[in-house]
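Chain residues, written in single-letter form:
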Amino acid sequence: MSLVLTALIGLLVGTHIATWGMYKDSIHEGFTVSTYLRSPVVAVVIAIIVHFVTGIDATRASGMVVLFGLIYVLERATVEFYKVFLRDEDQSKYFIPMQFHINGRVIHNRPVRTAIAIAYAGVVLLVVYGIWLLQRANHGLPNIALVLIVGSVGGWISAFGGAWKDAPIEGFETFKFFRSPFIALTYALLLSLFTHSLVVVTMGALGYTVATIETYKTFFFPSKPRGKFAGKPILFPDMLQRRQKFIPVYSGIWAILIVVWVIAFLQPHDGLLSL
């Protein structure tokens, strides 16, 4: 049952991601079923792997809360890594290139891009390993202090990555830069009620941060194009109406998630795991 529920959470995560992505991009790129289903499929596969690696109990509301954020960030990391470093695509349709670039100049050399991809992945893994070691070090600090120290790490990685990619082209925004670390820390403090694992707390907090910020940007400012399409014409105006049909699905996922969070707070919780 836990495996089935974890896979279901992965499906909800993937549908959530696919919907905000489609809502923003479809007016410029059009809508295809294969593109929409990509995130749900990837998220379900990741969810199954997470189940066997972590053993988080998805039959408990607190486990569901932790799994949603963890699967979310892993799906985003997987798909974005593929888009930035591995996929070859015509970048002329974008204002900000989606492939790895330096000041807007896309790096087409495959060996160079592969080397950068390996280095980037290595740095991220070292950060995760460092957080894991910190928790096991004999420092005498309470868990809440550790959460305050590393809870926003994922947000800082996102902030610096976004600034590297976007700032040289669209300018640096102070609010945008500090937004992710602050939200990530807030979610980390909440998730620390349900798991003692700093790695899971940090990663899950970033997952919820992405979900929150993308919801805010997509549905509170629907007329503002994504940075990568800034200044680009709307090529599929029919999607302005068609995409509205997906809003109930998206809202429904948030509603389910909020209910699960409330139940998790009401249940006894003393940490799910300590990976």
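This is a predicted model, so every value here is computed, not measured.

Draft legend 1. Spotlight on the packing of aromatic side chains. With the rule as written, the count across this model stands at 16 aromatic pairs. When the ring of tyrosine 23 is compared with that of phenylalanine 219, the centres are 4.7 Å apart and the planes differ by 45°; the resulting orientation is tilted. Remark: phenylalanine 219 occurs in helix H8 (residues 198-219) and tyrosine 23 occurs in helix H1 (residues 2-29); sequence separation between them is 196 residues. A relative accessible area of 22% means that phenylalanine 219 is categorised as partly exposed. Judged by centre distance (5.6 Å) and plane angle (40°), the ring pair of tryptophan 261 and phenylalanine 265 falls under tilted. Taken as a pair, tryptophan 261 and phenylalanine 265 lie in helix H10 (residues 247-266) at a separation of four residues, close to a single helical turn. Given the relative accessible area of 37%, phenylalanine 265 is considered partly exposed. The structure contains a cluster of three or more aromatic residues connected by ring pairs, namely Phe68, Tyr72, Tyr187, Phe194, Tyr208, Trp261 and Phe265. A cation over a ring is seen here: arginine 243 above tyrosine 23, with NZ or CZ 4.1 Å from the ring centre.

Draft legend 2. Structural detail: the environment of alanine 18. For alanine 18, the position within the fold is in helix H1. Other than its neighbours up to four places away in sequence, alanine 18 contacts Tyr36, Ser39 and Pro40.

Draft legend 3. Representation of the pattern of salt bridges. For the structure on display, the rule yields six salt bridges. Here glutamate 214 makes a salt bridge to lysine 24, at a shortest N to O gap of 2.3 Å. Pair noted here: glutamate 214 is in helix H8 and lysine 24 is in helix H1, with a separation of 190 residues, a long-range link. Across the pair, lysine 24 and glutamate 214 agree in class, each one buried. With a shortest N-O distance of 3.0 Å, glutamate 80 and arginine 76 are connected by a salt bridge. Highlighted residues: glutamate 80 and arginine 76, both in helix H3 (residues 61-86), separated by four residues, approximately one helical turn. Judged by its relative accessible area of 11%, arginine 76 falls in the buried class. Salt bridges sharing common partners tie together Glu75, Arg76, Glu80 and Lys83.

Draft legend 4. The arrangement of H1 in detail. Here H1 contains 28 residues, and its C-alpha end-to-end distance of 38 Å stays within 8% of the 40 Å for a straight helix at 1.5 Å per residue. Along H1, the sharpest change in direction is near 40° and occurs at tyrosine 23. Of all 28 residues making up H1, 21 are buried, and the element is well covered by its neighbours.

Draft legend 5. Fine view of the nonpolar core. Ranked by internal contacts, the top residues of the largest apolar core, which has 46 residues, are Val13, Val65, Phe68, Ile71, Tyr72, Leu191 and Tyr208. Of all the elements in the fold, those that place two or more residues in this core are H1, helix H2 (33-54), H3, helix H5 (143-150), helix H7 (174-191), H8 and H10. Broken down by element, the residue count for this core peaks at 10 residues, all from H8. With sequence-adjacent residues up to four places away left out, tyrosine 208 is seen in contact with Val65, Phe68, Gly69, Tyr187, Leu191, Leu257 and Trp261.

Draft legend 6. Representation of the packing of H8 against H10. Interhelical geometry of H8 versus H10 gives an angle of 140° and a closest axis separation of 13 Å. The angle between H8 and H10 places the two elements in the oblique class. Considering how the two elements wind past one another, H8 and H10 form a crossing that is left-handed. Between H8, through Tyr208, Ala211, Thr212, Thr215 and Phe219, and H10, the contact on the second element is made entirely by Ile247, Tyr250, Trp254, Leu257 and Trp261.

Draft legend 7. Up close: the side chain of serine 39. With respect to the secondary-structure elements, serine 39 resides in helix H2. Side chain to side chain, serine 39 and glutamate 75 meet in a polar contact 2.8 Å long. Apart from the residues within four sequence positions on either side, serine 39 is in contact with Gly14, Ile17, Ala18, Glu75 and Arg76.

Cut-off values and rules
- Residues numbered from 1 in each chain as written.
- Predicted model: local features only at pLDDT ≥ 70, side-chain atom pairs only at ≥ 80, totals over all residues.
- Heavy atoms only, no water.
- Phe/Tyr/Trp six-rings, centres within 6.5 Å; stacked < 30°, edge-to-face > 60°.
- Helix = DSSP H or I, 4+ residues; strand = E, 2+ residues; numbered from the N terminus.
- Buried < 20%, exposed > 50% of the residue type's maximum accessible area, 1.4 Å probe, protein only.
- Lys NZ or Arg CZ within 6 Å of the ring centre and 35° of its normal.
- Contact = heavy atoms within 4.5 Å.
- Salt bridge = Lys/Arg side-chain N within 4 Å of Asp/Glu carboxyl O.
- Expected span 1.5 Å × (residues − 1).
- Bend = angle between axes of the 7 residues up to and from the residue.
- Core = buried A, V, L, I, M, F, W, Y, C linked by side-chain atoms within 4.5 Å.
- Axes fitted to C-alpha atoms, helices over the stretch in contact; angles between N-to-C directions.
- Parallel < 35°, antiparallel > 145°, perpendicular 65-115°, else oblique.
- Left-handed = near helix turned anticlockwise from the far one by under 90°.
- Polar contact = N/O pair within 3.5 Å; in protein donor to acceptor, adjacent residues only side chain to side chain.

Don't take any of this as a statement about function, it's just geometry.
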